[in-house]
Structure formats: structure tokens, C-alpha cells
Amino acid sequence: MATRPTPRKSGPDQRTSTMGTQVEASTIKAGQLFSTADFHIPDFQRDYSWSKDVEVSEFWNDLSKGIDSPPYFLGLLIITDENDVKTVVDGQQRIATLTLLANSIRRAALARGKLLVADSMRDVFLYSINYEEESRSARVDFASRRDRRTLDAILDDSAEAGEGFNETLLQAQRFLDQKLEADLKSSDASARLGKWAHFLSNGITFALFEHPDRNAAYKVFEVVNMRGKDLTPAQLIKSYVIGSALPENQNDSYSRWIELEDPFVDVGADAQFTQFIRNIVTLRHGYVEPRDLYQAIADNYVGDDGVKTLLSELEEQIGVYLQMVDPALDREDTTLKTFLILDTLGLRTIRPVFLATAHARNPEAGFKELLRVIVPRIVTGTFGTGSIERRFSEAAKTIFTTQDWSIGVEGLRDLAPTRQEFQERVQSRPLNKGVQLVVRASALQRSSVPAISGYVHQVRQKNIEDWPAFNDDDFKVLGSTIGNCFISTIDRRPRGSNSLQGVIDKLLPTAVEFEDELVRTASSWSAEDVRNMNEHLSTLAAEVWYA
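Counting of residues starts from 1 at the beginning of each chain's written sequence and follows it residue by residue. Only residues with pLDDT of at least 70 are given local features in this predicted model, and only at 80 or more are side-chain atom pairs given and counted; all residues enter the totals for whole chains, interfaces and linings. Only heavy atoms go into the side-chain values, all of them from the structure, while hydrogens and water stay out.

Chemist: Tell me what's going on with the overall build of the protein chain, and back it up with residues and numbers.
Modeler: Each helix is a run of H or I in the DSSP string that is no shorter than four residues. Each strand is a run of E no shorter than two, and both are numbered from the N terminus. When helices and strands are tallied, the protein chain shows 24 helices and eleven strands. Throughout this description, buried means an accessible area under 20% of the type-specific maximum (1.4 Å probe, protein chains only), exposed means over 50%, and partly exposed covers the range between. When the 547 residues of the protein chain are sorted by exposure, 52% land in the buried category. Taking as baseline every contact in the protein chain between residues at least 6 positions apart, the subset at least 24 positions apart corresponds to 71%. Residue exposure ignores everything except the shown protein chains as possible cover, and the areas themselves are Shrake-Rupley values with a 1.4 Å probe. In the structure as shown, the protein chain presents an accessible area of about 24,100 Å², 45% of it carried by carbon and sulfur atoms. Any two residues whose heavy atoms approach within 4.5 Å are treated as being in contact.

Chemist: Explain helix H2 (residues 55–66) to me, using residue names and the numbers behind them.
Modeler: Between its first and last C-alpha atoms H2 spans 16 Å; for twelve residues at 1.5 Å apiece the expected length is 16 Å, and the two agree. Of the positions making up H2, those classed as buried are Glu55, Val56, Ser57, Phe59, Trp60, Leu63, Ser64 and Gly66. A helix is expected to span 1.5 Å for every residue after the first.

Chemist: Explain the packing of aromatic side chains residue by residue, including any values.
Modeler: Each pair of aromatic rings taken from Phe, Tyr and Trp, with Trp reduced to its six-membered ring, is defined by centres within 6.5 Å and is described as stacked if the planes are under 30 degrees apart, edge-to-face if over 60, and tilted in the remaining cases. By the definition in use, this model includes 14 aromatic pairs. Judged by centre distance (6.2 Å) and plane angle (50 degrees), the rings of phenylalanine 264 and tyrosine 321 are tilted. Of this pair, phenylalanine 264 sits in helix H10 (residues 250–266) while tyrosine 321 sits in helix H13 (residues 303–325), and the two are 57 residues apart along the sequence. Pairwise contacts between aromatic rings join Trp257, Phe264, Phe273, Phe276 and Tyr321 into one cluster. In our convention, an over-ring charge means Lys NZ or Arg CZ found within 6 Å of a ring centre and within 35 degrees of that ring's normal. Looking at arginine 136, its charged tip hangs above the ring of tyrosine 127, at a distance of 5.7 Å from the centre. Lying across the ring of phenylalanine 470, arginine 460 places its NZ or CZ 5.3 Å from the centre.

Chemist: Before we move on, could you go through the side chain of threonine 338 and cite the residues and values that matter?
Modeler: Among the structural elements, threonine 338 can be located in helix H14 (residues 334–345). If we skip the residues at most four places from it in the chain, threonine 338 touches Phe354, Phe367, Leu371 and Val449.

Chemist: Could you give me a rundown of a negative patch on the surface, with the residues and numbers involved?
Modeler: A patch consists of residues whose relative accessible area exceeds 30% and which take part in no salt bridge; residues with like charges are grouped when within 9 Å of each other, and nonpolar side chains (Val, Leu, Ile, Met, Phe, Trp, Tyr) when within 5 Å. Should a side-chain nitrogen of Lys or Arg be within 4 Å of a carboxyl oxygen of Asp or Glu, the pair is scored as a salt bridge. Residues scored as positive are Lys and Arg, those scored as negative are Asp and Glu, and His as well as the terminal groups of each chain are ignored. One atom stands in for each charge, and that atom is NZ of Lys, CZ of Arg, CG of Asp or CD of Glu. Together, Asp252, Glu259, Asp262 and Asp266 make up a region of like negative charge exposed at the surface. Residue aspartate 266 is classed as exposed on the basis of its relative accessible area, which comes to 65%.

Chemist: Let's hear about the nonpolar core: which residues, and what values?
Modeler: What we call a nonpolar core is a set of buried Ala, Val, Leu, Ile, Met, Phe, Trp, Tyr and Cys residues that are connected through their side-chain atoms within 4.5 Å. With 110 residues, the main nonpolar core has Trp257, Phe276, Ile277, Ile297, Phe354, Phe392 and Trp525 as its most contacted residues. When residues of this core are assigned to their parent elements, the largest contribution, nine residues, is made by helix H24 (residues 527–545). Discounting chain neighbours no more than four positions away, the residues touching isoleucine 277 are Ala234, Ile237, Trp257, Leu293, Ile297 and Leu314.

Chemist: Please provide a residue-by-residue account of the packing of H13 against H14, values included.
Modeler: Contact pair H13 / H14: the axes reach a minimum separation of 8 Å and the direction vectors enclose 50 degrees. With respect to each other, H13 and H14 are oriented oblique. Only Leu336, Phe339 and Asp343 of H14 make contact with H13, whose side of the interface consists of Val320, Gln323, Met324 and Val325. Asp, Glu, Lys and Arg are counted as charged, while Ala, Val, Leu, Ile, Met, Phe, Trp, Tyr, Cys and Pro are counted as nonpolar; the rest, among them Gly, fall into the polar class. Here the contact of H13 with H14 is composed, by residue class, of five nonpolar, one polar and one charged. Orientation is described by lines fitted to C-alpha atoms, with helices fitted over the stretch in contact, and by angles between N-to-C directions that extend from 0 to 180 degrees. Should an angle fall under 35 degrees it is taken as roughly parallel, and over 145 as roughly antiparallel, whereas 65 to 115 is taken as roughly perpendicular and any remaining angle as oblique.

Chemist: Just give me the short version of the pairing of strand E7 (residues 135–138), but keep the residues and values in it.
Modeler: Both strand E6 (residues 127–130) and E7 contribute to a ladder of four bridges, which runs antiparallel. Across the sheet, the residue bridging to isoleucine 129 is arginine 136, located in E7. Paired strands are those between which DSSP finds at least two bridges. The antiparallel pairing of E6 with E7 creates a hairpin that spans four residues between the two strands, and glutamate 134 there sits at a positive phi of about 50 degrees.

Chemist: How would you sum up unusual backbone geometry? Please name residues and give values.
Modeler: Following proline 70, the chain continues to proline 71 via a peptide bond in cis, the omega torsion being 5 degrees. Of note, the phi angle at arginine 446 is positive, near 55 degrees, even though the residue is not glycine. Assessed through its relative accessible area of 52%, arginine 446 is described here as exposed.

Chemist: Any details on the confidence of the model for the protein chain? Residues and values, ideally.
Modeler: Per-residue confidence for the protein chain gives a mean pLDDT of 87; residues scoring 70 or more make up 89%. No element of the protein chain has a lower mean pLDDT than strand E1 (residues 14–18), at 35, and none a higher one than helix H15 (residues 351–358), at 97. Ignoring residues within four places in sequence, the model shows residues 1–24, a span with pLDDT below 50, making 56 contacts including any to other chains. Confidence of the predictor at the level of single residues is captured by pLDDT, which takes values from 0 to 100. In this model, residues 226–231 is a region of pLDDT below 50 whose contacts with residues beyond four sequence positions or in other chains number 28 contacts.

Chemist: Now, about the environment of asparagine 532: what can you tell me, with residues and values included?
Modeler: Note on placement: asparagine 532 falls in helix H24. Given the relative accessible area of 39%, asparagine 532 is considered partly exposed. The sequence separation of asparagine 532 and glycine 483 amounts to 49 residues, and the corresponding C-alpha distance is 7.7 Å.

Chemist: Please set out the pattern of salt bridges residue by residue, giving values where relevant.
Modeler: Inspection of every chain in the model, using the stated rule, returns 29 salt bridges. Measuring nitrogen to oxygen at the nearest pair gives 2.6 Å for the salt bridge that ties arginine 107 to aspartate 177. You can see arginine 107 sitting in helix H3 (residues 92–111) and its partner aspartate 177 sitting in helix H6 (residues 167–185), a full 70 residues away along the chain. Connected via shared salt-bridge partners are Asp68, Asp183, Arg192 and Lys195.

Chemist: Give me the side chain of threonine 99: which residues, what numbers.
Modeler: Mapped onto the secondary structure, threonine 99 falls in helix H3. Residue contacts for threonine 99: discarding those within four places in its chain leaves Phe34, Leu126, Val140 and Leu151.

As C-alpha cells, this is what we get:
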């Protein structure tokens, strides 16, 4: 489940100004919210996806504890109210799961002849009534045909597993039915049912942000995102893309979008799809704050023609971008080796400058010059700040526009430290494994675009007793430096490799082919050995990165 803020005992309506957009914000009881609203789950949302073994189980556990100490805060809902329709921007999974729990209470009440409890669940949470037509309809309306059909069958008590139903939704309902029945057996069932009904209506609260349009919803979503798994920012943009296309082009826009999205899912990187969109927009329009991505697209890609342009730009770049997301080692391909270095360093935010360089003249030389800025910088200082990302984004725009990487790189050179600063930091600074792997590989291969392979292991680990000439005080200073690690062909240490002799016999022989011969033939590993290795590698690395 999504992380929940501290519960609020009271919740007067508030009007807040969020990034220039006036927004209605209130704390509201679940019963009050459901009894006065019908919810539309739009087509850009995923199907119901909460697993009975994970999210639904956590949901039940939290509420079954919260019933004895209300009020219980169930998180943030973000909705839009356009044309009197409340569209759920964030909170689909919680709304749907609460509906299922209300249905479980209704079923249990009917089975025990508690008609008032059953009717209250039906009228407050499950159905709204159209008095003119003398009909009722489910309060939660899924755009997904499969989810809508499944929920309708569940509420009609006619759902069975089979083709055309969302089995995840059916499993969640069965799980809640079983958990509620077990709970009722532990006490007076009639009294407990009444307590559950009262808790759902009056003891559960939401923070409700209601917005005039999806653009406002997107901004708040980025700033106060407390979602479960029900929404990614890319799906809001998908909604814009489909909605902005001419009616006769909407199916084509949808198909093109899915073809862009699917490859990220296939490589297990669907969470990076939003970042892909933002990175491609950066190439032509410069730095875009994550929370302003929707607005940037709405401003720069207007109407049907704008949608076609955006889709074409994404399609043009997706091949190269996917190589960045899931790089494969090719010792002869500088581009792929560069992307693997970026991935090893975890530098997703600066992908646009490498995308732009890939389309410039002589891109391989450009990659090397960019790495000569980036690697020394990450060794000596911070890299994750917004100001640095902005500079790389503007450089990406310059390179993409001029097709000349030298102009963009020149504006970044001041980010690199001096050679002396770099060498001193390599010699003494604790480095994470990704940085150790890149710097060590570059030094040993004498290349600023080394072939990255193998796994970094500490030689002398923490909390090991009786290690000759390398005590715990030495380890605090030297343990995470580049000299106390080596690159192995195996990802897990062999058993029995926690002592000095075990390391010499079992661990060091697994060194990769390009590892230092001093590592392969080591007969000791003292603090002095590590200091010497730090000095040796820092000198080699400085020669590579400041050639």
C-alpha cells in the first residue's frame, strides 16, 4: 500500500494554491465521499492490479487494526471534476478495494439477516440511484471493459473465473470475503458487522484534492504523490495524447503509444517510460521539471498535429534510448560501452546529452569527452542536484540543435575537478561499487571507455577478526576505497572466503582477465597493501581521465 501520512483528527475544508493553480483540498469521510459521488476510472489508468497476497493483504491488515482506533487515514485521492464527472487521477486501487470490502460486508450481512447493514453498504458505497429512470448503477465506473464487467458481476453475485473477467479483481473479492468471515467468527458476528459498517462510513478518511482539469492534477500528483501502483505520469500524458488527436486518429495514436510503451515493459523498465518522454522533450525544449512535464507537452504539442509530432519524436529516439535502458556489452562498440558505463554509474538524468551526441557528427569522440567530465565529477563531488541536471539538459538541447557536441561539452568542462583533486579523491575517498567498477576498469584497461564486466567485491570485509595487519580502525578508513576491492567474474563470494587465507585461496582467483596481476598473485592483504594499491590505481586513473 501507499505510504500514509499521520492521521488527522479533524479536517476542515482548505483552499490551497499549488504551483499557481488554485485547488480544493479537504479531509473527508469515506461514507460522505462515496454517498455523494460516482467515480470514473479513465482509459489511461491500468486495470485493477492489487495482488491479494501483497497490497490487498496489507490493506486488510491495516484496516482490521484501524477499526479499533478510528479515524483511519487511507491516503490521498486526486480527482478531476470535469462536466460533473469525477475522474480518478490517483487512488483507483484504494477506491476499488474499498468497494470490494463494502461488498464483503454486504454479503456477510445478508447471510445473517442484517438487512439494514446490507442496505447501507449497497446505497452508500456500491450503487447510485437514478430516481427518474428508477434504476441503479455501480458507483465505480471502469473505462476498462474487463474491469467493468468483472465488478458488475461481483456486485450481482454472479462472477465466476473465466475469459473476459479480471481474475485479480475476483481474487481480491474472495480474499476479503474470507478475511471478513474469519474476523466475524472471533466475536459477536452481528455486533462486529455493525462495527465494520460504521467504520467504513465514518471511521475511514481521505485527503481529497479536487482539480478543475488534468493539468492541475498532474502538478499535484508530482508534488504530493502518495499513490499505490495505479498510475504513472506517462498515463496522464497518454490521456492527453489520445484526447488531443482528432476522433478519426485516436485509434492510431493509441496504437502508436502502446508500441512505444511495450518495449519498456518487456525489459522490466516500465517505470522509466515517463523518464523517456521527459528526456526526449528535453532534446528540443531544454530542461523540464518532472512536475511540469505535462504542461510542457500541452504547451509545445498542441492538437492533432502536435500529437503526431510528439509521437514521431518519441519513435525516432526509442531505439537508441532502449539501448541505454538495457545496454549489452560489446567490446568493439563504443556507443554500447558508453551506455553500459552510464547504467553502471546510475546516471539516468543525463541521458539526453548522450542521446543528442549520438546524432551529432563523430559521436564516439563526443562520448569520450562527456565521460571525461562526468567520471571525474562523480568521483569528487555530488552529481544528483537539479542544477547539474539542468546544465546537462541545456547542453543536450544545444548539441541536438547544432549537431555539434563540442559546443555543448565545452560549456560543461568547469564541472570537472582538477587532476590533483581527482587523484587525491580516488586515493582516499570511499566509493560506491558502481563508481569503483568504472574507475578501476578504466585504470586497468587504460581506457576512458572501458568494457564493463564482472562484479566488485571488497577483499577485506567489515567485522572480520584476526586479519593480519588490517584492523577495524584501518578498515574504517580504507575499507570502501578502490584499493580494497577487485573485479570478480562471480557475483557472490564463495563460501569460506571471509578470512585472509580464504580470500587468497577462493576469492582472488576469480578475478576478471583484466584485473591487476598484484591481485591475482597476492599472498597477503594488509592496510599498507591497500594504501599502495590506492596510490597505484589513482595514478593510472588520472592518466586515463586527464590524458
